[in-house]
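This is what each chain is made of:
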Amino acid sequence: SGLASGILAWHPDRLARNSIDGGKIIYLIDIGKITDLRFPTYRFDATAQGKFILSIAFGQSKYYIDNLAENVKRGLREKLRRGEWPGTAPLGYYNDAVSHTVKPDPEKARFVYKAFELYATGNYSLEELLREVHRWGLTAKAGKPIFKSCLAKMLRNPFYYGVMVYKGERFEASHPPLISKKLFDSVQAVIAQK
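Residues numbered from 1 in each chain as written. Predicted model: local features only at pLDDT ≥ 70, side-chain atom pairs only at ≥ 80, totals over all residues. Heavy atoms only, no water.

Novice: Mind showing me how you'd approach the overall build of the protein here?
Specialist: A count of helices and strands for the protein gives seven helices and six strands. Each helix and strand of the protein, placed in order from N terminus to C terminus, yields the pattern β-α-α-β-α-β-β-α-α-α-β-β-α. For 194 residues, the compact-globule formula gives about 16 Å, and the C-alpha radius of gyration of the protein, at 26 Å, lies well above that figure. With the principal axes as the frame, the protein shows a C-alpha extent of 75 × 35 × 35 Å. Here the protein holds 194 residues, and 35% of them are scored as buried. Within the protein, contacts between residues at least 6 apart in sequence are counted, and of these 56% link residues at least 24 apart. (Helix = DSSP H or I, 4+ residues; strand = E, 2+ residues; numbered from the N terminus. Rg over C-alpha atoms; globule rule 2.2 N^0.38 Å. Buried < 20%, exposed > 50% of the residue type's maximum accessible area, 1.4 Å probe, protein only. Contact = heavy atoms within 4.5 Å.)

Structure representation (structure tokens):
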């Protein structure tokens, strides 16, 4: 709107980390909307050479972000290959900050096992099982009550017998399973019937 004509920033990579933002800033310099850019570690001149150097700096920040994304994905895949879960542990487990592994939650794991056992009998609907789980005092993260959708997701999650599914791919897990594959299959059969 013309109230300001310059930008103060730490470095050009703080202004643009993708080609659209970098191009927009250079375009605003071209049309005179931005007349000055100031950085404590980098000198910018509103000349052809200055804009060229600025576009190189934007390109370097784009390269940095793309490279970082590749490294993070590679790290996650390596973790999965080792059988380690790269995210937040599901109900019944916790993320051990010391060993960076997933471990059974001493308070909740037995209730998760019990929920699988009860549902495998075929004598409980999801609503009835939810009432039982609430009666036991089993809660989700931060003490919040478990919802029906959370319980349904838990009963379908192969994580509990030692298989991790991440972005559609299956990986053998290194964490201790809470249930057997046989119990999991029994629960899946009950879910299919209901």
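Novice: Teacher, can you tell me more about the packing of aromatic side chains here?
Specialist: Here the distance between the centres and the angle between the planes together describe a pair of aromatic rings. Within this structure, the stated rule accounts for eight aromatic pairs. Ring centres of W85 and Y166 lie 6.0 Å apart, and the angle between their planes is 85 degrees; on these two criteria the pair is classed as edge-to-face. Taken as a pair, W85 in the loop between α3 (48-81) and β3 (93-96) and Y166 in strand β5 (residues 163-166) lie far apart in primary sequence, 81 residues in all. Judged by relative accessible area, Y166 falls into the partly exposed class, the value being 23%. Taking the centre distance of 6.4 Å and the plane angle of 80 degrees together, the rings of F159 and Y160 count as edge-to-face. (Phe/Tyr/Trp six-rings, centres within 6.5 Å; stacked < 30°, edge-to-face > 60°.)

Novice: Quick question: what am I supposed to make of α3 here?
Specialist: Three- or four-residue spacings in an α-helix give side chains the same orientation, since the helix completes a turn every 3.6 residues. In this model, α3 (34 residues) spans 49 Å end to end at C-alpha, consistent with the 50 Å of a helix rising 1.5 Å per residue. Buried within α3 we find G50, L54, A57, F58, S61 and L80. If you follow the buried residues of α3, they end up packed against α1 (12-15), α2 (19-30), β2 (36-38), β5 and β6 (169-172). (Expected span 1.5 Å × (residues − 1).)

Novice: Which parts of the structure should I look at to understand the environment of W10?
Specialist: When you line up the elements, W10 lands in the loop between β1 (6-8) and α1. Of the residues examined, W10 reaches a relative accessible area of 57% and is grouped as exposed. When the C-alpha positions of W10 and K108 are compared, they lie 47 Å apart, and in sequence the two are 98 residues distant. Excluding residues within four positions of it along the chain, W10 makes contact with F39, P40 and T41.

Novice: How should I be thinking about the environment of P145 in this particular structure?
Specialist: Tracing the chain through its elements places P145 in the loop between α5 (126-136) and α6 (148-156). P145 gets classed as partly exposed once you look at its relative accessible area, which sits at 48%. Residues within four places of P145 in sequence aside, it is in contact with H134 and A140.

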